[in-house]
Each structure stands twice: as C-alpha cells, then as structure tokens.
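Coordinate analysis (summary)
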Amino acid sequence: DLHSFPTRRSSDLAIPFAESTSATISCATAGASIYYTVDGSTPTSASTAYSDAITLSDTTTVKAVAVKDGVSSSVTSRTFTKGSGGGSGENPETE
C-alpha cells in the first residue's frame, strides 16, 4: 500500500495496513523542504529530511513539517496502524 499526506493538513487520521506500507509526504509550496519524525517528537529543520517514501512495518505516527526561507508550516501527523486491515490508500479531505 502507498499512502500519502500533504503537510498542509493538520488533523490526525489513522491509516490501517496489514503487513507493511509506504508513506509519502507532499507539499504544495514550491521549493519547500520537508522534515519528518517517526518517534513522536515534533519535527524541525534539524529532523530527517524527506526525500522518498517511508516504509513502515509497525504502528507508527509520522509527523512532518515543511520549511521554506526559514518559515515552518504547521506540523501534520498521520498514524499508520498495523493489523487493523488494509487501507485503500485514499485519504479523505480534512481541511
């Protein structure tokens, strides 16, 4: 399964998966860099820089922030829950 969430959404939606899944992160702001965490901490420009899909094999909360010209977006998070069924890969609009 491939799941994606843009950094502009602020709600936390649980996304179920069976064995493993990949999460992608996108941002509508051209030239913004995306940083993320998977340990529950709040991401900053010192966190891991996002460059490719993140493979998850356990229940994990991915938090992300976009940064451009020293200005950070709001933090967005998604929880990926293992063992609760397979997700469709689609996320409802929550803005």
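These lines cover the structure that appears in this document, whether it is placed above or below. (Residues numbered from 1 in each chain as written. Predicted model: local features only at pLDDT ≥ 70, side-chain atom pairs only at ≥ 80, totals over all residues. Heavy atoms only, no water.)

What follows deals with the overall build of the protein chain. In terms of regular secondary structure, the protein chain is built from zero helices and nine strands. The order of helices and strands in the protein chain, counted from the N terminus, is β-β-β-β-β-β-β-β-β. Accessible surface computed for the protein chain: about 5100 Å², of which carbon and sulfur atoms make up 46%. (Helix = DSSP H or I, 4+ residues; strand = E, 2+ residues; numbered from the N terminus. Areas by Shrake-Rupley, 256 points an atom, 1.4 Å probe, with all protein chains shown as cover.)

With four of its five residues buried, strand 4 (residues 33-37) lies for the most part within the structure. In this sheet, strand 5 (residues 48-49) lies alongside strand 4 in antiparallel orientation, the contact comprising two bridges. The residue bridging Tyr-36 from the neighbouring strand is Thr-48, located in strand 5. (Buried < 20%, exposed > 50% of the residue type's maximum accessible area, 1.4 Å probe, protein only. Pairing = 2+ DSSP bridges.)

Ring pairs (aromatic) are described by centroid distance and by the angle formed between their planes. Tallied over the full model, the rule gives one aromatic pair. A centroid spacing of 6.2 Å and a plane angle of 80 degrees characterise the contact between Tyr-36 and Tyr-50, whose relative ring orientation is edge-to-face. Here the residue Tyr-36 occupies a position in strand 4, and Tyr-50 occupies one in the loop between strand 5 and strand 6 (54-56), the gap between them amounting to 14 residues. For the residue pair Tyr-36 and Tyr-50, the accessibility class agrees, reading buried in each case. (Phe/Tyr/Trp six-rings, centres within 6.5 Å; stacked < 30°, edge-to-face > 60°.)

To continue, consider the environment of Thr-60. Following the sequence through the fold, Thr-60 ends up in strand 7 (residues 60-68). By relative accessible area, which is 14% here, Thr-60 ends up buried. Considered as a pair, Thr-60 and Thr-79 are 19 residues apart in the sequence and their alpha carbons are 5.7 Å apart. Among all residues touching Thr-60, those that are not within four sequence positions of it are Val-38, Arg-78, Thr-79 and Phe-80. At 2.8 Å, the side chain of Thr-60 and the backbone oxygen of Asp-58 are in polar contact. (Contact = heavy atoms within 4.5 Å. Polar contact = N/O pair within 3.5 Å; in protein donor to acceptor, adjacent residues only side chain to side chain.)

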